[in-house]
Amino acid sequence: MEKQAPPPYNYEAQHMPMPMPMAVPAMNPYNQHASTSVDPIVRVAPMVTPLDKESTRMICPHCRVTIETTVEKNPSTMAWISSLILCLTVGYCGCCLIPFCMDDCHDVKHTCPSCGAFLGERRA
Ligand SMILES: [Zn+2]
């Protein structure tokens, strides 16, 4: 048997056709709907339930007036429970009053300053 020299290492690379670069359109599939979803309605203030800790600008669903909600903060159940736990563990030294000073331990109630309607509540 006649021994043949092995083909050169890059044999396939020389004889295989070069892959043609594919024509990829320069369009991002995620941006296809960007120009079609233009909202023709200009919203001045959102018609959502205010759940922020601070006063929220919105249109009152009851009197249809653009308002800044009036907020009323009350200690939440969590504040009372935290205070009780602090009182029992640390003792009465004033530390149990800390939860009542924290904003995150308050329920925030939003009302309309124009008509007084209840608009929403953010619970701690
Ligand atoms: Zn109102």
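Everything quoted here is computed from the prediction, not taken from an experiment.

A. Inspection of the overall build of the protein chain at higher detail. Scanning the protein chain from N- to C-terminus turns up three helices and five strands. Going residue by residue from the N terminus, the α and β elements of the protein chain occur as α-β-β-β-α-α-β-β. When each of the 124 residues of the protein chain is scored for burial, the buried share is 12%. By sequence separation, contacts in the protein chain at least 24 residues apart represent 51% of the contacts at least 6 residues apart.

B. Structural view of the environment of Thr 66. The topology assignment puts Thr 66 in strand S2 (residues 66-68). For the pair Thr 66 and Ser 114, spaced 48 residues apart in the sequence, the C-alpha separation amounts to 9.3 Å.

C. Just the pairing of strand S5 (residues 118-122), in detail. Pairing of strand S4 (residues 106-111) with S5, which is carried by four bridges, proceeds in the antiparallel orientation. Bridge pairing in S5 places Thr 111 opposite Phe 118. Joining the antiparallel neighbours S4 and S5 is a turn of six residues, in which Gly 116 adopts a positive phi near 80°.

D. Region of interest: the sheet that holds strand S3 (residues 70-75). Taken in spatial order, the three strands line up as S3-S4-S5 in an open sheet, and their pairing is antiparallel. Both edges of this open sheet fall to S3 and S5, since each of them pairs with a single strand only. In this sheet, neighbouring strand axes are inclined to one another by 20° on average, regardless of whether the strands run parallel or antiparallel.

Rules behind the numbers
- Residues numbered from 1 in each chain as written.
- Predicted model: local features only at pLDDT ≥ 70, side-chain atom pairs only at ≥ 80, totals over all residues.
- Helix = DSSP H or I, 4+ residues; strand = E, 2+ residues; numbered from the N terminus.
- Buried ≥ 20, exposed ≤ 12 C-beta atoms within 10 Å, placed from the backbone.
- Contact = placed C-beta atoms within 7 Å.
- Pairing = 2+ DSSP bridges.
- Axes fitted to C-alpha atoms, helices over the stretch in contact; angles between N-to-C directions.

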